[in-house]
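Structure assessment
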Amino acid sequence: MAVEAIQEWIRDPDNAKTPSRAEIANAVRRTARAVAAEIPGHSVELRVPPFVAVQCVEGPRHTRGTPPNVVEMVPATWLRVATGLTTLEVEWEAGRIDASGTRAFEVGEGLPVIPL
């Protein structure tokens with residue numbers, strides 16, 4: 001599995017060997033798409049630039065521009081959240097997640113994707 005291949009870095013990015021860009025991208029894309037499959041919909045956009053943006057959470061669909069509910073973070077933060085090493089709320093309070101909209105944190109219903 002993509003996440004298992006880089007789990008040491010996810011757990012401790014400061015002290016583990018940094019995976020290749022392709023390995024990080026693969027883990028990010030697979031976990032984000034798993035969340036979109038677990039809680040399908042178009043109400044919230046989960047963004048992990050530069051690798052992926054997926055829409056999830058049932059509810060009203062937006063058709064143009066930036067959706068009203070967005071959750072965005074860097075890959076390392078996303079992978080820690082996706083593996084249950086931390087939570088959306090903890091990372092948001094620490095300033096590592098940008099979130100907007102009243103439903104943004106409903107992304108948490110699909111987490112963790114793969115517990116480490």
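Residues numbered from 1 in each chain as written. Predicted model: local features only at pLDDT ≥ 70, side-chain atom pairs only at ≥ 80, totals over all residues. Heavy atoms only, no water.

Some points on the pattern of salt bridges
Pairing between side chains becomes possible if they bear opposite charge and their charged atoms approach one another. The condition that has to hold: Whenever a carboxyl oxygen of Asp or Glu lies within 4 Å of a side-chain nitrogen of Lys or Arg, that contact is scored as a salt bridge. Buried means the residue's accessible area, taken with a 1.4 Å probe over protein chains only, is under 20% of the maximum for its type, while exposed means over 50%, and partly exposed covers the values in between. Under the DSSP-based scheme used, a helix requires at least four consecutive residues in state H or I and a strand at least two consecutive residues in state E, with every element numbered from the N terminus.
Inspection of every chain in the model, using the stated rule, returns 5 salt bridges. For Arg47, the salt bridge goes to Glu45, with nearest N and O atoms at 2.6 Å. For Arg47, a relative accessible area of 22% translates into the label partly exposed. Taking relative accessible area as the criterion, Glu45 reaches 13% and is therefore assigned buried. A salt bridge links Arg80 to Glu91, with the shortest nitrogen-to-oxygen separation between them at 3.9 Å. With Arg80 in helix H4 (residues 75-82) and Glu91 in helix H5 (residues 88-93), this pair connects stretches of sequence that are 11 residues apart. Take Glu91: its relative accessible area is 3%, and that puts it in the buried class.

Digging into the packing of aromatic side chains
Basically, it comes down to this: Working definition: rings of Phe, Tyr and Trp (its six-membered ring) pair if their centres are within 6.5 Å, and the pair is stacked with planes under 30 degrees apart, edge-to-face with planes over 60 apart, and tilted otherwise.
For the structure on display, the rule yields 1 aromatic pair. Centre to centre, the rings of Trp92 and Phe105 are 5.9 Å apart; their planes meet at 80 degrees, and the pair counts as edge-to-face. Of this pair, Trp92 sits in helix H5 while Phe105 sits in the segment after strand E4 (97-100), placing them 13 residues apart in sequence. Look at Phe105 and you get partly exposed, because its relative accessible area is 28%.

Observations regarding the sheet that holds E4
Strand-to-strand pairing in sheets goes through backbone hydrogen bonds, with the strands running parallel or antiparallel. In plain terms, the rule: Criterion used throughout: strands pair if DSSP finds at least two bridges between them. In this description, a line fitted to the C-alpha atoms serves as the axis of each element, helices being fitted only across the stretch in contact, and the angle between N-to-C directions of two axes falls anywhere from 0 to 180 degrees. Any two residues having at least one pair of non-hydrogen atoms within 4.5 Å are treated as being in contact.
Judged by pairing direction, the sheet is mixed, and its 4 strands sit side by side in the order E2-E1-E3-E4 without closing on themselves. The outermost strands of the open sheet, each flanked by one partner alone, are strand E2 (52-56) and E4. The mean inter-strand angle of the sheet, taken between neighbouring strand axes irrespective of direction, is 10 degrees. Across 4 bridges, the pairing between strand E3 (residues 70-73) and E4 is antiparallel. Looking across to E4, one finds that Met73 is bridged to Ile97. Where helix H3 (residues 21-38) meets the sheet, it contacts strand E1 (44-48) and E2, and its direction lies at approximately 10 degrees from that of E2. Packed onto the sheet, H4 meets E1, E3 and E4 and runs at close to 110 degrees relative to E3.

These figures come from the coordinates and say nothing about function on their own.
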